[in-house]
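Reading the structure
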Amino acid sequence: HLKGIGLHSGKKVNMYLHPASHNTGYLFKIKNGPNTLTNIKALFNNVSSTNLCTTLSENGFKVSTSEHLLSALYALSIDNVIIELDSNEVPVMDGSSKEFVESIISEGIEYLDDFKKIIKIVKKVEVTDGNKIVRVSPHNETILTCEIGFKEKVIGNQTISLLLNPDIYKSQISNARTFGFMNQIEELRKNGLALGGSLDNAIVISEEKVLNKEGLRYNDEFVRHKTLDLIGDIALSGAQIIGSFYSYHAGHDLNNKLLHEIFSSKENWELVDEANN
């Protein structure tokens, strides 16, 4: 059980994670009445908005800011989980996925007696939008390379490349917080977004300075958080993907388009059992 506030709604949220049976995938159950829960499956074709966060919708109901939690679940190789929420947004916690990772590890993971299905990329797939790019190429492990370039010197150009496994994710990625610019926050709030955002759950940048008293957790925390987001968006594929991902300045929108592109043709991927991948 985790509780916190929604980054965009500013509302208090209670969240419960329950183990689920084989082939459940990531299933959100949203409380929409005293005794009624609505199901929303965390799959790429249920993404209804990628404006600042990944919003999933099914049957007219939605859940937003799903990417940090899904990033933690996916990186820890958890395939089946029921996520129960009493609001339409996953709690933001400290803006990273650290608390999700810690609570999942401390609660323990149940193993199902079944081979895991894995999606192996067999052909390079790429999507672009102007100078933004995200692609995946065949590889025998899951590698992530993320690159960002900001005119603001406090961020500048940053690149990170790593193998995705639970230990590396926990130590190198899960602590990286989401970030925003002070001048954009006012605009967002006018539009009813970022209402729960604060220095407690985001890195805030103003006039080339980081406003958070404690400063950054890594000198390249920004690109690490972009990697965290990318993993959360890949998690919507419905299975672990083996391949080498490269992203330049891409956001939730392009990450989602990549999944649509991968699954648009059976020539791009094959399903393998974990035992013989």
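The text that follows walks through the structure, step by step, so that each part is easy to find. The structure displayed is predicted, hence computed values, not measured ones. (Residues numbered from 1 in each chain as written. Predicted model: local features only at pLDDT ≥ 70, side-chain atom pairs only at ≥ 80, totals over all residues. Heavy atoms only, no water.)

Moving on to the pairing of strand β10 (residues 125-129). In the sheet, β10 pairs with strand β11 (residues 132-137) via 5 bridges, with the strands oriented antiparallel. Following the sheet pairing, Thr128 is matched in β11 by Ile133. Adjacent in sequence and paired antiparallel, β10 and β11 are bridged by 2 residues, among which Gly130 carries a positive phi angle near 65°. (Pairing = 2+ DSSP bridges. Helix = DSSP H or I, 4+ residues; strand = E, 2+ residues; numbered from the N terminus.)

A word on the pattern of salt bridges. Applying the stated criterion across every chain yields a total of 13 salt bridges. Between Arg135 and Glu126 there is a salt bridge, and its shortest N-O distance comes to 3.3 Å. Overall, the relative accessible area of 24% leaves Arg135 in the partly exposed class. A relative accessible area of 34% means that Glu126 is categorised as partly exposed. Asp220 is paired through a salt bridge with Arg224; the nearest N and O atoms lie 2.6 Å apart. Take Asp220: its relative accessible area is 15%, and that puts it in the buried class. Since its relative accessible area comes to 11%, Arg224 is described here as buried. Because the salt bridges share partners, they merge into one network encompassing Lys124, Glu126 and Arg135. (Salt bridge = Lys/Arg side-chain N within 4 Å of Asp/Glu carboxyl O. Buried < 20%, exposed > 50% of the residue type's maximum accessible area, 1.4 Å probe, protein only.)

Attention now moves to the nonpolar core. In this structure, Phe28 and Ile83 are the most contacted members of the largest nonpolar core, which totals 65 residues. When neighbours within four sequence positions are excluded, Ile83 is seen to be in contact with Met15, Tyr16, Leu17, Tyr26, Leu27, Phe28, Lys29, Leu69, Leu70 and Leu73. (Core = buried A, V, L, I, M, F, W, Y, C linked by side-chain atoms within 4.5 Å. Contact = heavy atoms within 4.5 Å.)

Moving on: the sheet that holds strand β15 (residues 203-206). Hydrogen bonding along the main chain pairs the strands of a sheet, whether they run parallel or antiparallel. One open sheet holds the 3 strands; their spatial order is β14-β15-β16, and the pairing between them is mixed. Across the chains shown, the open sheet's two edge strands, defined by having one partner strand only, are β14 (179-181) and β16 (209-210). Note: β14 against β15, 3 bridges, orientation parallel. Its bridge partner being in β15, Phe179 is matched across the sheet by Ile203. On top of the sheet, helix α4 (residues 182-190) reaches β14 and β15; it is set at about 90° to β14, its chief contact. (Axes fitted to C-alpha atoms, helices over the stretch in contact; angles between N-to-C directions.)

A few words on the side chain of Ser247. Within the secondary structure, Ser247 is located in strand β18 (residues 244-248). If we skip the residues at most four places from it in the chain, Ser247 touches Ile133, Val134, Thr145, Cys146, Glu147 and Leu230.

Take the environment of Val101 next. With respect to the element layout, Val101 can be found in helix α2 (residues 98-107). Considering only alpha carbons, one finds Val101 and Ala72, 29 residues apart in sequence, at a separation of 5.7 Å. Leaving out residues up to four positions away in the same chain, Val101 has contacts with Ala72, Leu76, Tyr169, Lys170 and Ser174.

For the rest of this paragraph, the subject is the side chain of Thr55. Counting through the fold element by element, Thr55 comes out in strand β6 (residues 55-58). Residue classification places Thr55 among the buried residues on the basis of a relative accessible area of 8%. What Thr55 contacts, discounting residues up to four positions off in sequence, is Asn46, Val47, Ser48, Ser49, Lys62, Val63 and Ser64.

As a further point, take the pairing of β15. Residues Ile203 and Ile205 of β15 are buried on one face, and the alternating residues Val204 and Ser206, pointing to the opposite face, are buried as well. Handedness of the β14-α4-β15 crossover: right-handed. In this sheet, β16 lies alongside β15 in antiparallel orientation, the contact comprising 2 bridges. In the sheet register, Ile205 faces β16, and the bridge partner there is Val210. Joining the antiparallel neighbours β15 and β16 is a turn of 2 residues, in which Glu207 adopts a positive phi near 45°. (Right-handed = clockwise from strand over helix to strand, strands pointing away.)

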